[in-house]
Amino acid sequence: MKLTRWVLGVCFVLSSLATHAQEVENKNVLDRIIVKVDNYFILKSEVEGQYQQYITSGQANTPNRCQILEGLVVNKLMLAKAEIDSVIVDDKRIDAELTSRMEQMEGQYGSAKNIVEAYGKSIATLKEDLRSSLKEQLTGRKMQDKITDDVKITPKEVAAFFNEIPRDSLPYLPAEVEISHIIRLAKPNKNQKEELYAKLLDFRRRVEKGESFEDLAKVHSEDLGSGKRGGDLGFAKRGAMVAPFEAAALRLKPNQLSDVVESEFGFHLIQLLEIRGQEYHARHILLRPDYQKLDLTEPTKFLDSIRVLVQRDSTTFEKAAKEFSEDKATQDAGGVLMDASNGGNRLAYDGTMDPALFFALDSMKVGTISAPIPFRTDDGRSAVRILFFKAKHPPHFANLKDDYQKLAQITLSRKKNNAIEKWFMKAKEDVFIFIDDEYKDCRILSSEGQE
């Protein structure tokens, strides 16, 4: 069996809610089971659904159906072996991922109400649809990590891989750029704050008059993870929650309600349930402003003043990012944007780049700072950012000096694929696997497999 890169790509990248919804539709049309791996099944619609997604995306090197099925079989085998080996993903981890996904959806659609209208399902139903697939994907990822955690590479191995590439086959890489940014989030205005404060204070009065905090949280809380549990956040160690929330919670006595607390996540009504040593147990009702309607005036003015300070050499862009940026992913690194695929600080300056970023750079010169630009964060929040165009590297043929990180990532992926291939050939003997005759030619269980 020759595992392809699609195994690591198709199986372990978590699908979006929209993708999941499409898969559900496909299952209603094509619901024939084509593979059984112990207690896990693969439907023909899953293969066809993923194949059509690749086709419509226009992505180069689209995998064929056998390669997609191969990835799905390996994933199901990992799930079956995870049961045998007692590899378990904690429910809190699944809930956290589910909450993140739902928050991204809410950011894209503007509100939970808009999501319901778009999908024709309640939030509870949508979350239940997605939760089971998230559990499988996270379990598969944990099992993969168990198999490949000890896989390491050395500079010698990277050089050996590079030297295997024929000189006339070296990839021609696009231009690359080094960029940093500083982000400031839009804040709710006075009227928006007053509206949210009033709602939470009303909930507080209702609880004090005897209504159930739990029931109110289930209906009204916009924390999609804890809301279904009546706002229950479970026990948290001190320092685990954001500072405003934790400070307010720890000032309370058991069963006491807080005033309205503002944090980076929104506005909270908190009830402390119990303190146990260095841990505390609280629940909350979270309300958030409509991020689509926030005013960008203040963050724009703030970033314009930062831009002037840097241009006057009163500070550096890096220092300003560390002190003022509200992007936690880049703040500590001085605002440097990283390539998620290899961890490097060079981004491909081509059609794969975010169009808004590409066109912003197109009007800039190296060494300059942009004017404040409206920006939407990954979780859908309204923001403004300024860009520092640090460097631009011309297109070139791959070489060890300039492209070591990319080559190292490819070398590591190949080595991990080999480890999974060896694991698969051994693990397949421990479980029952049935593959429909229609897919026998894929030779997934043979030692040759797909090239």
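Every value quoted in this text rests on a predicted model; they were computed, and no experiment measured them.

Reading guide: rules and limits
Residues numbered from 1 in each chain as written. Predicted model: local features only at pLDDT ≥ 70, side-chain atom pairs only at ≥ 80, totals over all residues. Heavy atoms only, no water. Helix = DSSP H or I, 4+ residues; strand = E, 2+ residues; numbered from the N terminus. Buried < 20%, exposed > 50% of the residue type's maximum accessible area, 1.4 Å probe, protein only. Contact = heavy atoms within 4.5 Å. Areas by Shrake-Rupley, 256 points an atom, 1.4 Å probe, with all protein chains shown as cover. Lys, Arg positive; Asp, Glu negative; His and termini not counted. Salt bridge = Lys/Arg side-chain N within 4 Å of Asp/Glu carboxyl O.

Asker: I'd like a description of the overall build of the chain, backed by residues and values.
Answerer: Each helix and strand in the chain was counted, giving 16 helices and 13 strands. Along the three orthogonal principal directions, the C-alpha set of the chain runs to about 70 × 60 × 45 Å. Each of the 451 residues in the chain was classed as buried or not, and the buried ones make up 47%. Intrachain contacts of the chain at a sequence separation of at least 6 include 69% that bridge at least 24 residues. For the chain, the computed accessible surface area is about 23,700 Å², with 51% contributed by carbon and sulfur atoms.

Asker: I'd love a proper account of the environment of Ile42, names of residues and values included.
Answerer: If you trace the backbone, Ile42 turns up in strand β2 (residues 40-43). Taking C-alpha positions, Ile42 is 8.6 Å from Arg32, a pair spaced 10 residues apart along the chain. Excluding anything up to four places from it in sequence, Ile42 contacts Arg32, Ile33, Ile34, Val35, Val47, Leu69, Leu72, Val73 and Lys76.

Asker: Account for unusual backbone geometry, naming residues and giving values.
Answerer: Of note in this structure, Asp38 is not a glycine but carries a positive phi near 55°. On the accessibility criterion, Asp38 (30% relative accessible area) is partly exposed. Backbone geometry at Ser86 places phi at a positive 55°, although glycine is not the residue there. Looking at the secondary structure, you find Ser86 in the loop between α4 (65-84) and α5 (91-109).

Asker: Outline the side chain of Glu246, listing residues and values.
Answerer: In this fold, Glu246 is placed in helix α11 (residues 243-250). Nearest to the buried, unbridged Glu246 among oppositely charged side chains is Arg238, at 6.5 Å. Excluding residues that lie within four positions of it along the chain, Glu246 makes contacts with Lys237, Arg238, Gly239, Ala240, Met241 and Tyr280.

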